[in-house]
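Structure assessment
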Amino acid sequence: MAVLPVLNKSRNVALNRTRLYIKYKYLFILMIPGICALLLFSYYPMYGVILAFKEYKLGDGIFGSQWADMYGLKHFIRVFQLEGVRRAVANSFIISMYSLAVGFPAVILFALFLNEIKREGLKRRIQTISYLPNFLSWVAVSSLVIDVLSPSHGILNAILNFFTGQNIYFLTRPEYFRTIIVFSGLWKGIGWGSIIYLAMIANANIELYDAAIVDGAGRIRQAIHVTIPAMFPIISIGLIMSLSGILNGGDFEQIFNLVNSQTLPVGDVMSIYIFRVGLGSYEYSFGTALGLVNTTVGILLLAIANKVAKRVSEYTLW
Amino acid sequence: MGKTKKSIGSKIFDICNITLFVLFCITILYPIYEIVVNSFSTETEIVGKGFRLMPYKWYFTNWKIILSSALLWKSFYNSVYVTVLASLYSMFLSATYAYPLSRKDLPDRNFWTFFLVFTMFFSGGLIPYYLLMNSLKLVNTLLVLIIGSINVWNTLIMRNYFMTIPDSLQESAKIDGASEITILRMVVLPLSLPVLATVLLWNLVANWNSWVSCLIYVNDPNKQVVQIVLQNIFRERTFNILSENTQNVYDALRDTDPKQSITNYGLRDATFIFVTLPILASYPFLQKYFVKGIMIGSLKG
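Fair warning: this is a prediction, and the values are worked out from it, not measured in the lab. Here the residue numbers are simple positions, counted from 1 along each chain's written sequence. Written order decides the labels, with chains lettered from A and ligands numbered from 1. In keeping with the model being predicted, local features are shown solely for residues with a pLDDT of at least 70 and side-chain atom pairs are shown and tallied solely at 80 or more, while totals for entire chains, interfaces and linings include all residues. As a rule here, side-chain values cover all heavy atoms of the structure and leave hydrogens and water aside.

A run of DSSP states H or I qualifies as a helix once it reaches four residues; a run of E qualifies as a strand once it reaches two. Both are numbered from the N-terminal end. A tally of regular secondary structure across chain A gives 15 helices and two strands. Radius of gyration: C-alpha atoms only; globule rule: 2.2 Å multiplied by the number of residues to the exponent 0.38. For a compact globule of 318 residues, the expected C-alpha radius of gyration is about 20 Å, and chain A comes in at 26 Å, more than 25% above that figure. In terms of principal-axis extent, the alpha carbons of chain A reach across some 85 × 60 × 35 Å. Each residue gets one of three labels from its accessible area relative to the maximum for its type: buried under 20%, exposed over 50%, partly exposed in between, using a 1.4 Å probe on protein chains only. Counting over 318 residues, chain A shows a buried share of 48%. When checking whether two residues touch, look at their non-hydrogen atoms; a contact exists if any pair is within 4.5 Å. Put simply, 63% of the contacts in chain A that link residues at least 6 apart link residues at least 24 apart. Accessibility throughout is a Shrake-Rupley quantity obtained with a 1.4 Å probe, and a residue counts as covered only by protein chains that appear here. Accessible area of chain A: about 16300 Å², with a carbon and sulfur share of 66%.

So, on to the overall build of chain B. Secondary structure assignment for chain B yields 14 helices and zero strands. Helices and strands in chain B line up, N terminus first, as α-α-α-α-α-α-α-α-α-α-α-α-α-α. Going through the 301 residues of chain B one by one, you find that 51% of them count as buried. When the accessible surface of chain B is summed, it comes to about 14300 Å², and 67% of that surface belongs to carbon and sulfur atoms.

Glancing now at the domain arrangement of chain B. Residue and element names in this part refer to chain B. Looking at the assigned domains, one finds that chain B contains domain 1 (8-49) and domain 2 (61-297). At the junction of the two partners, domain 1 supplies 12 residues and domain 2 supplies 15 residues. Summed over both partners, the interface of domain 1 with domain 2 buries about 1000 Å², with 62% contributed by carbon and sulfur atoms. A 1.4 Å probe defines the accessible area here, and the buried area is the portion of it lost by two parts on being joined, summed over both. Considering only the side of domain 1, the residues that lose the most area to domain 2 are I35, S39 and E43, jointly responsible for 53% of the buried surface there. One speaks of a salt bridge when a side-chain nitrogen belonging to Lys or Arg is within 4 Å of a carboxyl oxygen belonging to Asp or Glu. The interface formed by domain 1 and domain 2 contains zero salt bridges. When residues of the side of domain 1 that touches domain 2 are assigned to their parent elements, the largest contribution, five residues, is made by helix α1 (residues 8-39). Residue ranges labeled as domains rest on an automatic or database domain assignment.

Residues and elements named next belong to chain A. Annotation of chain A at the domain level lists domain 1 (3-67) and domain 2 (74-312). Computed over C-alpha atoms only, the centres of domain 1 and domain 2 are separated by 37 Å. Taken together, the nine residues of domain 1 in the interface contact eight residues of domain 2. Across the interface of domain 1 and domain 2, roughly 700 Å² is buried in total on both sides, 68% from carbon and sulfur atoms. On inspection of domain 1 and its partner domain 2, the count reaches one salt bridge.

In this section: the packing of aromatic side chains. Residue and element names in this part refer to chain B. Two rings from Phe, Tyr or Trp (for Trp, the six-membered ring) form a pair when their centres sit within 6.5 Å of each other. Planes less than 30 degrees apart are called stacked, planes more than 60 degrees apart edge-to-face, and all others tilted. A full pass over the atoms with the stated rule returns 36 aromatic pairs over all chains. Relative to Y217, the ring of Y130 lies with its centre 5.7 Å away and its plane at 15°, an arrangement referred to as stacked. With Y130 in helix α6 (residues 126-135) and Y217 in helix α11 (residues 212-217), the pair connects residues that are 87 residues apart, well separated along the chain. When sorted by exposure, Y130 lands in the same class as Y217, which is buried.

All names here are of chain B. Where nonpolar side chains cluster on the molecular surface, the patch consists of Y77, V80, Y81, V84, L85 and L88 and spans about 520 Å² of accessible area. On the secondary structure map, L85 appears in helix α4 (residues 70-102). By relative accessible area, which is 35% here, L85 ends up partly exposed. By definition, no residue in a patch forms a salt bridge, and every one has over 30% relative accessible area; like charges are joined within 9 Å, nonpolar side chains (Val, Leu, Ile, Met, Phe, Trp, Tyr) within 5 Å.

A few words now on the interface of chain B and chain A. On the side of chain A, 79 residues touch chain B, which itself brings 84 residues to the contact. Taken over both partners, the interface formed by chain B and chain A buries close to 7800 Å², and the fraction arising from carbon and sulfur atoms is 78%. There are two salt bridges connecting chain B and chain A. A salt bridge links A:R17 to B:D108, with the shortest nitrogen-to-oxygen separation between them at 3.4 Å. Think of a polar contact as two N or O atoms within 3.5 Å of one another; within protein, one of them needs to be a possible hydrogen donor and the other a possible acceptor, and neighboring residues in sequence only count if both atoms come from side chains. Connecting chain B to chain A are 16 residue pairs in polar contact (both at pLDDT 80 or more). No other element matches α1(B), which puts 17 residues into the side of chain B that touches chain A.

This brings us to the nonpolar core. Definition used in this section: a nonpolar core is a set of buried Ala, Val, Leu, Ile, Met, Phe, Trp, Tyr and Cys residues joined via side-chain atoms within 4.5 Å. With 167 residues, the main nonpolar core has A:Y197, B:Y97 and B:W112 as its most contacted residues. The contacts of B:W112, once residues within four sequence positions are left out, are A:Y21, A:F28, A:M31, A:I35, B:Y97, B:L101, B:L106 and B:P107.

With that settled, the discussion passes to unusual backbone geometry. Residues and elements named next belong to chain B. For D108, which is not a glycine, the phi torsion comes out positive at approximately 55°. Its location among the elements puts D108 in the loop between α4 and α5 (109-121). Among the residues examined, D108 registers a relative accessible area of 25% and is labelled partly exposed.

So, on to the packing of helix α8 (residues 167-175) of chain B against helix α9 (residues 180-191) of chain B. In helix packing, the relevant descriptors are the interaxial angle and the interaxial distance, both defined with respect to the helix axes. All names here are of chain B. Viewed as axis vectors pointing N to C, α8 and α9 meet at an angle of 145°, and their least axial separation amounts to 10 Å. In this structure, α8 crosses over α9, and the sense of that crossing is right-handed. Residues L169, Q170, A173 and K174 of α8 lie in contact with α9, whose contacting residues are E180, I183, V187, V188 and L191. Asp, Glu, Lys and Arg are counted as charged, while Ala, Val, Leu, Ile, Met, Phe, Trp, Tyr, Cys and Pro are counted as nonpolar; the rest, among them Gly, fall into the polar class. Residue classes in the contact of α8 with α9 are distributed as six nonpolar, one polar and two charged. For helices, the axis comes from a line fit to the C-alpha atoms of the stretch in contact; other axes are also lines fit to C-alpha atoms, and the angle between any two N-to-C directions lies between 0 and 180 degrees. By definition, any crossing whose near helix is turned counterclockwise from its far helix by less than a right angle is left-handed, and any crossing with a clockwise turn is right-handed.

Another aspect to go through is the environment of A:F286. Residue and element names in this part refer to chain A. As for its placement among the helices and strands, F286 is situated in helix α15 (residues 284-312). C-alpha of F286 to C-alpha of I274: the two residues are 12 residues apart in sequence and 9.0 Å apart in space. Residues in contact with F286, not counting those within four places in the same chain, are H75, R78, V79, L82, V85, Y273 and V277.

Residue and element names in this part refer to chain A. Along the polypeptide, T18 turns up in helix α1 (residues 9-23). Among the residues examined, T18 registers a relative accessible area of 45% and is labelled partly exposed. Along the primary structure T18 and Q222 are separated by 204 residues, whereas in three dimensions their C-alpha atoms are 58 Å apart.

This is the structure:
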């Protein structure tokens with residue numbers, strides 16, 4: 001030991017690290033399958049984004065293909081020029097904002113009001129039923145949506161017909177599309193989404209409630225001063241996560257199953273657009289460029305939202 | 001505290017509150033129930049009559065056609081195969097990656113966590129992944145629906161749970177001469193059954209419900225999953241996915257119900273039940289296990 005000179009410090013560190021890895025070799029053997037899967041299925045496709053800077057030809061592969069014009073930025077320039085992209089960004093933004101504005105408070109209110117049901121058996125039954133749609137696929141849920149809204153035998157049109165004497169084919173009318181998306185999403189996710197808030201409420205300090213009651217607070221004031229503050233951490237984190245997804249414009253699976261040629265002008269959100277253009281029209285390079293812009297913006301939004309959250313509250317993602 | 005008398009306003013609030021929640025539950029149960037009723041009804045009845053609790057006339061031809069459809073059974077088999085294997089594959093990857101991450105003494109622990117979590121926020125996107133599958137010759141196979149990257153979220157949930165297991169248990173196993181792999185197998189996994197069961201259930205449901213990969217990577221009509229079959233029936237209103245000879249289906253229907261049209265709701269709704277039955281039937285019994293994992297996962301992100 002004493003022979004090792006001080007100037008070899010960096011080599012020494014590397015040696016120590018190697019020794020450490022050998023000491024823990026079994027832990028790393030366990031990690032090998034996961035590391036391989038990550039490298040092959042997550043990191044290698046990331047490398048494939050250089051496709052966005054190339055002119056992809058099927059025979060040449062990703063690496064053999066020529067670089068695209070304008071210093072390889074041709075496809076990115078198109079991303080910012082195409083009318084279709086602009087429409088997709090606008091549609092995504094509107095649907096995301098709409099569902100954030102309606103869905104986010106709705107889930108919290110759902111938890112808050114469910115918490116006010118004091119009969120445990122009834123409460124548990126309501127919870128069980130409200131989680132159910134979360135476990136159905138969007139294929140199945142949109143079938144139900146199509147059914148409920150059907151002009152020929154849907155229950156909504158039956159009610160409408162009873163009062164107004166007319167039927168509306170909701171799913172072909174662009175003006176109803178966003179509302180259908182937001183509320184069917186809410187219907188599917190509200191119960192399941194409320195679990196986390198209910199858990200926070202359950203963890204709220206019982207002494208605080210007792211203190212509030214001693215101070216003469218009724219149910220409303222208890223909710224405002226004790227229950228809602230107990231949910232703050234999750235509200236903050238949930239908001240950060242939703243803001244980062246604004247450019248996705250809701251769930252691909254949901255919109256794909258509910259959109260049709262009449263509603264495409266309002267339903268063509270980013271994920272649908274990438275799918276249609278990238279795979280449908282075989283524009284691989286352009287589709288990759290678009291995807292890259294999309295994920296980059298997503299990360300930026302996440303970082304910004306996190307930063308803002310740091311300013312206003314102590315609960316952040318990192 | 002229980003003695004405090006409730007005010008009138010409070011009582012009215014309770015009644016309204018409960019009524020609203022019950023109405024919400026009806027919006028969930030009614031559409032599903034209606035589909036069950038429709039699957040046993042004739043076309044004339046579905047289109048002509050509105051709300052009914054039972055079919056006026058029990059009609060089984062829809063179900064006979066569905067249950068004798070070779071293509072539908074084939075897709076059912078495909079779905080079971082993919083669901084089971086994909087879930088086990090994903091569980092294996094997550095558990096073997098999560099355990100080392102849960103160990104505070106893992107060298108470069110932060111780096112290996114980042115190596116995992118980074119993939120949740122950034123990805124190559126749809127097209128590079130498609131080209132990768134293409135070059136691996138996996139397009140148009142069922143394998144493409146089974147393999148894939150590690151599920152970051154499930155891995156983090158497992159890691160969080162593993163971290164709650166006292167270190168002393170692992171220490172004493174080590175003193176007894178157990179290797180890391182033995183510790184994982186004999187100490188950590190048996191103590192983590194609640195989280196493993198939850199994550200497995202989530203995996204099973206997610207894989208049963210998944211269809212986007214099948215839509216993108218698989219064209220072969222013999223290699224479709226049930227969700228795709230249901231989607232085709234709902235979107236295209238065609239039943240050629242049920243039988244190579246569509247005319248047979250229509251003939252069978254027309255024999256029993258002269259008013260049959262091409263848009264057959266009864267047949268469609270029977271397919272719906274067929275596809276979602278594994279979930280609808282097991283859900284009431286497994287529901288509590290589904291919820292458990294969320295609590296575990298929320299302990300610390």
